[in-house]
Each structure stands twice: as structure tokens, then as C-alpha cells.
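# Structural overview
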Amino acid sequence: MTASRDGDRTIRPGDPRRTGAPPLATSDTVHHCPFDFAEGLEFDPTLRRLMTEEPVARVTLSYGEGTAWLVTRYEDVRLVTTDRRFSRAAVAGRNFPRMTPAPIVQSESINLLDPPASSRLRRLVAQAFTAPRVEAMRPAIQRIVDGLLDEMADHGPPADLVAHLSSRLPLTTICEVLDIPEDDRPELRRRAMAMMATGAATKEAAIQAKAELRAYFKELTQVRRASPGEDLISHLATARDGEERLGPDELAVMAMVLMMTGHDTSTYQLSNITYTLLTHPEQLAKLRARPERLPDALEELLRFIPFRKGVGIPRIALEDVRVGDVTIRAGDTVHVSYLAANRDPARFPNPDELDLDRSPAPHMTFGWGVHHCIGAPLAVMELRLAIGTLLARFPGLRLAVPAERVRWNDESIWRYPYELPVAW
């Protein structure tokens, strides 16, 4: 995106001060968007319609008060996620339009901070995710992958990939990295899943699960700060940027966020990627013929797959801002759709086609701007090792049931199959 200067302020494309820009406009139409579409990995038709007909639309969601703007074009999403006139911090304390009965995010989380406060936390947390640290995790992750696939091979076909690999590898990996006791892991996963449920009857369970997770990680991080080891929590507890370090609540919430996000995306994408490859045999054949293309192929798969439903944490406009053809007013809530941005034809030619030969281009599956997922390198490593080893170990891998018989989750913000029966 190019920009010119007007005094000390950046004038961005679409700003009314640019020569020939049309006058500011607003939208009077409000669309209700439950974002509950869960038919396989097909793209949400409501989202597609808004992308086409009203790329910056006013919407209501199933929970929360009032309306929000929904921004869907790639360049507009990039504007909202990088322009400091849109604030995540201003969301705190608001009953904003959302998909879950209770907000998932916590007030001390890095996800509800703006620069420079978020920059401070990211500098501290980034010390635990340097390239050498992530690379050092490779042998342990590979051992976990090999062990899980050994068990699947011993079980024999048909086998449920979710039970044997997808639901176990990411949770095992992040818990090993955080050094969470093995006996605690199933209960932590149950609580994390409770927080992601979208049904109205799940609100109290989600609130309780959030409180229990917070209490667990507060106690665990206190122990690690007093007696640090070689795990990721200990690295976070001892990380310093000059005289700065994470406070007790910041450390507890960061550890909790890492546990949740460190297994969520990878868990569901392992199943989704495998399903997508097995239902696109011509693309799978390309990858089998050139396995060295796996890194680029995974980027295309991550772009293509709608791995979640709807939207995440919004922002608040701090002043009037023109986005597309409308004016977003100061105080308005603004959601962006990374899913829609990943299917923007202005950014990705033929975006609804899975093309593993597509030239690599930055997608938004891990977010954008100051809230880009800081653990993305670890997630990508997990996916590369798991998918690469799976395809190499089982060259005849195929679905063990017709694709239409695969059952898809319809209870949470994530999209994934409950089971994925495979044979080889």
C-alpha cells in the first residue's frame, strides 16, 4: 500500500483528502451474521455475499450489544490491523458484538493491547520464539510425530487421524514446550474447548473454564518464576528487555494464551489439511511428486482453508476513518475477516481454487500487524513435520469413508472434523 504525506499525517489510499476521492459515505443496512455455517470446509455463503456486495458492512452477531463494522477486503483488513486509529485496547470492558456467549480474551492479554504496550510484551515473548529456539524444538516434535504414527500403523487401517494424530500432537508439543505435567493435560484441553463453544447454554461453563485456567497458570507461573527450568514458561519468566519483564498477571495470561493457541490452530488444521489433500487428488499428486514443495504448499493450504468461523477480537475506531466507501465513526466497533481477506481476488487470482503451484504470497491465517501470531513459526514447523511424515509413511493414504460422511464440528468457533477415518 502506498501513501503520501499531508503535514505529519499519512494519507492512505481511499482517504478523502487524496485528489479525486469521493465524499465520505455510510451504510444504513445492518446484516445479522451468526457465522454458524459448518458444512465441511466450504466457504461461508454469508461471508461470501458480503465480500461481493458490501465489503465494509454493518453487522450484528449472536452475542454482545449493538452493531459492528465487518471489513473483508485484503487491503482494507491490512489498513484496520496496522493503523493506530483502530484500537484493541479500547475493546476492554465493552460488551462488543461477538460469536461466543462470553468473551474469550482476557484484559491482560497481549491481544488487548496497543503499541507501545503490546510492543513491550512482544519483545519479551519473542525471546522465547527466536529461530534458534524454535529450531531446537524440531527433534522433540519429530519424535512425537514418529511415535504417534507408529501407534497408528500398529492399529492398522482404518484409523481415525483425529484420535491418533491431530488431537494429540499439538497438545503434546505445546505442553512439552511449557513443561505442563502429563496428568493435567486432558483437563486443560477440556477447559480450553469449553471457552470456544458458541451455544447460548455454554456461557457459564465458559466463564468457569476461563477462571479455572487462569488460576492454574497463575500458580504454575509463580512456581516457574521462583525456580526456573529450561521450559518456555521459565524463559518467559526470566526474559528481560532492559529493566522490563513480564508482571505476574501478564506471565500467567501469556502462558494460558500460549497453551490455548499453541494447540488449537495446529490441532484443527492437521485434520483440515489432510482432508483437503485427500479430497483434491490432483493437488496431492503434485505434492507427492515434489515433496520438497511442502513448505510452499502448506502456505497455500493455510490460505485456502476456512479454519474457523466468522471473526475474532474486534477493534474500536478512535476517530472517524474512511475504509473503502464508508466512514467508520469514532467509537464504532470494527471486525475484520482474515478468512475473506485470504479469498480476495484482488490479492489472490482465482482465490477459490486450491493451487499448490501458486506463487507464495502473504496470507492472513495467523493474523496481521502487531497481533500477528507470535507462535506461528512453531505451528508451521509442527504442520510441516506432521504432514510431511504422514505422507511419506503412508503413500497410499486415503479417506476410509466417503467425504460426505465425515462429521464436522458445529459447536465452536473452529471448523474441523470430529473424526477423520483414513486407510492406506
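Under the annotation held in an unreviewed UniProt entry, the protein carries the name Cytochrome P450 and is attributed to Streptomyces triticirhizae.

Moving on: the overall build of the protein. Check the secondary structure of the protein and you find 15 helices and 13 strands. A compact globule built from 424 residues would reach a C-alpha radius of gyration of about 22 Å, and the protein, at 22 Å, matches this within 12%. Dimensions along the principal axes, computed over C-alpha positions, put the protein at roughly 65 × 55 × 45 Å. Counting across all 424 residues of the protein, residues that qualify as buried make up 53%. Considering only intrachain contacts with a sequence separation of at least 6, the fraction spanning at least 24 residues in the protein is 73%. With the model as given, the accessible surface of the protein reaches about 18300 Å², and the carbon-plus-sulfur share is 51%.

Right, let's talk about the packing of helix α11 (residues 248–278) against helix α15 (residues 376–393) for a bit. Two elements in contact, α11 and α15, have axes whose closest approach is 10 Å; the angle formed by their N-to-C orientations is 35°. Once α11 is placed against α15, the crossing between them reads as right-handed. Together, G262, S266, Q269, L270, I273, T274 and L277 of α11 and A379, E382, L383, A386, I387, L390 and L391 of α15 make up the contact between the two elements. Here the contact of α11 with α15 is composed, by residue class, of nine nonpolar, four polar and one charged.

Take helix α9 (residues 203–226) next. Under the 1.5 Å per step criterion, the end-to-end length of α9 is 35 Å for 24 residues, consistent within 8% with the ideal 34 Å. Within α9 the residues assigned to the buried category are A206, A209, K210, L213, Y216, F217, L220, T221 and R224. Structurally, α9 contributes buried residues whose contacts are with α7 (169–178), α8 (185–195), α10 (232–238) and α11.

One pass over the structure, following the stated rule, counts zero disulfides. You can see C373 has no disulfide; the closest cysteine sulfur is in C175, sitting 16 Å from it.

Moving on, we get to the packing of aromatic side chains. Throughout the structure, instances matching the rule amount to nine aromatic pairs. Between the aromatic rings of Y275 and W408, the centroid separation amounts to 4.9 Å while the plane-to-plane angle is 85°, which identifies the pairing as edge-to-face. Pair noted here: Y275 is in helix α11 and W408 is in the loop between β12 (398–399) and β13 (421–423), with a separation of 133 residues, a long-range link. Comparing Y275 with W408 shows no difference in burial state: the two are buried.

Counting 107 residues, the largest nonpolar core has F129, L169, I180, F217, M259, I273 and L277 as the members making the most contacts within it. Per element, the largest residue contribution to this core is 13 residues, and it comes from α11. Discounting chain neighbours no more than four positions away, the residues touching M259 are I174, L178, I180, L188, A192, L213 and F217. Judged by nonpolar contacts, the second largest core, of 20 residues, contains V56, W69, V334 and M364.

So, how was this worked out
- Residues numbered from 1 in each chain as written.
- Predicted model: local features only at pLDDT ≥ 70, side-chain atom pairs only at ≥ 80, totals over all residues.
- Heavy atoms only, no water.
- Helix = DSSP H or I, 4+ residues; strand = E, 2+ residues; numbered from the N terminus.
- Rg over C-alpha atoms; globule rule 2.2 N^0.38 Å.
- Buried < 20%, exposed > 50% of the residue type's maximum accessible area, 1.4 Å probe, protein only.
- Contact = heavy atoms within 4.5 Å.
- Areas by Shrake-Rupley, 256 points an atom, 1.4 Å probe, with all protein chains shown as cover.
- Axes fitted to C-alpha atoms, helices over the stretch in contact; angles between N-to-C directions.
- Left-handed = near helix turned anticlockwise from the far one by under 90°.
- Nonpolar A, V, L, I, M, F, W, Y, C, P; charged D, E, K, R; others polar.
- Expected span 1.5 Å × (residues − 1).
- Disulfide = S-S within 2.5 Å.
- Phe/Tyr/Trp six-rings, centres within 6.5 Å; stacked < 30°, edge-to-face > 60°.
- Core = buried A, V, L, I, M, F, W, Y, C linked by side-chain atoms within 4.5 Å.

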